[in-house]
Amino acid sequence: MRKDGPTSGLEMTDAYYPRHDPIDYYGDGGFRFGPMSHQGAILFLPSGIHRWDVETPTSLKEQDFAKILREGAEIEILLIGTGTSIIPLAPSLASEIRAHGLKLDMMDTGAAVRTLNILLSEDRAVAAALFPVD
């Protein structure tokens, strides 16, 4: 006999899609790519598309880029889409990312998605960190 009950809380896993499909849609707080959709921020990396647990572009810290930097050897350009407007990174954080050999380009999320899709079609080594827009 199986006993079910609330012995533990929710278990969060690293939500991840292991392909590099272009982003078909962004808005309403999320993104659509391939057969998937996701509400919230995402990381588009060489290993696939991952959930990105961040609050706002102004609250970003070096640890928020750990997954990106681990895959940095396979990335030439990092696009950061900061929502409906361009919000620059703290200069020290931007310098740290560039010190890992990444070209960094800040833009609004719409421009970042369009640029990402173009660079993907050119088979470029691109990654993106994207905040959702409503």
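Small disclaimer: the values here were computed from a predicted structure and weren't measured.

**A look at the overall build of the protein**
Here comes step 1: Across its full length, the protein holds three helices and nine strands.
Here comes step 2: Starting at the N terminus and ending at the C terminus, the protein contains elements arranged as β-β-β-β-β-β-α-β-α-β-α-β.
Here comes step 3: For the protein, the proportion of its 134 residues judged to be buried stands at 45%.
Here comes step 4: Across the protein, every contact between residues at least 6 apart in sequence was considered, and the portion connecting residues at least 24 apart equals 66%.

**Overview of the sheet that holds strand S9 (residues 126-130)**
Here comes step 1: As summarised here, the arrangement of the six strands in space is S1-S6-S5-S9-S7-S8, forming an open sheet in which the pairing is mixed. Looking at which strands have only one partner, the edges of the open sheet turn out to be strand S1 (16-17) and strand S8 (103-107).

**Brief notes about the pattern of salt bridges**
Here comes step 1: Using the criterion set out here, one finds five salt bridges in the structure.
Here comes step 2: Arg-51 is the partner of Asp-53 in a salt bridge, and the nearest nitrogen-oxygen pair spans 3.0 Å.
Here comes step 3: The class for Asp-53 is exposed, based on a relative accessible area of 58%.
Here comes step 4: Its salt-bridge partner being Glu-76, residue Arg-124 comes within 3.2 Å of it at the nearest N-O pair. You can see Arg-124 sitting in the loop between helix H3 (109-121) and S9 and its partner Glu-76 sitting in the loop between helix H1 (66-70) and strand S7 (77-81), a full 48 residues away along the chain.
Here comes step 5: Its relative accessible area of 33% is what places Arg-124 among the partly exposed residues.
Here comes step 6: Relative accessible area serves as the criterion here: at 27%, Glu-76 is assigned to the partly exposed category.
Here comes step 7: Three or more residues joined by partner-sharing salt bridges are found here, namely Glu-76, Lys-103, Glu-122 and Arg-124.

Here is what the cut-offs are and how they apply
Think of each chain on its own: its residues are numbered from 1, step by step along the sequence as written. Residue-level local features of this predicted model are given only where pLDDT is at least 70; pairs of side-chain atoms are given and counted only at 80 or more, and the full residue set underlies all totals for whole chains, interfaces and linings. The basis for the side-chain values is all heavy atoms of the structure; hydrogens and waters are excluded. A run of H or I in DSSP becomes a helix once it reaches four residues, and a run of E becomes a strand once it reaches two; helices and strands are each numbered from the N terminus. Throughout this description, buried means an accessible area under 20% of the type-specific maximum (1.4 Å probe, protein chains only), exposed means over 50%, and partly exposed covers the range between. Contacts are assigned to residue pairs with any non-hydrogen atoms lying within 4.5 Å of each other. A pair of strands counts as paired when DSSP detects no fewer than two bridges linking them. We define a salt bridge as a contact between a side-chain nitrogen of Lys or Arg and a carboxyl oxygen of Asp or Glu at a distance within 4 Å.

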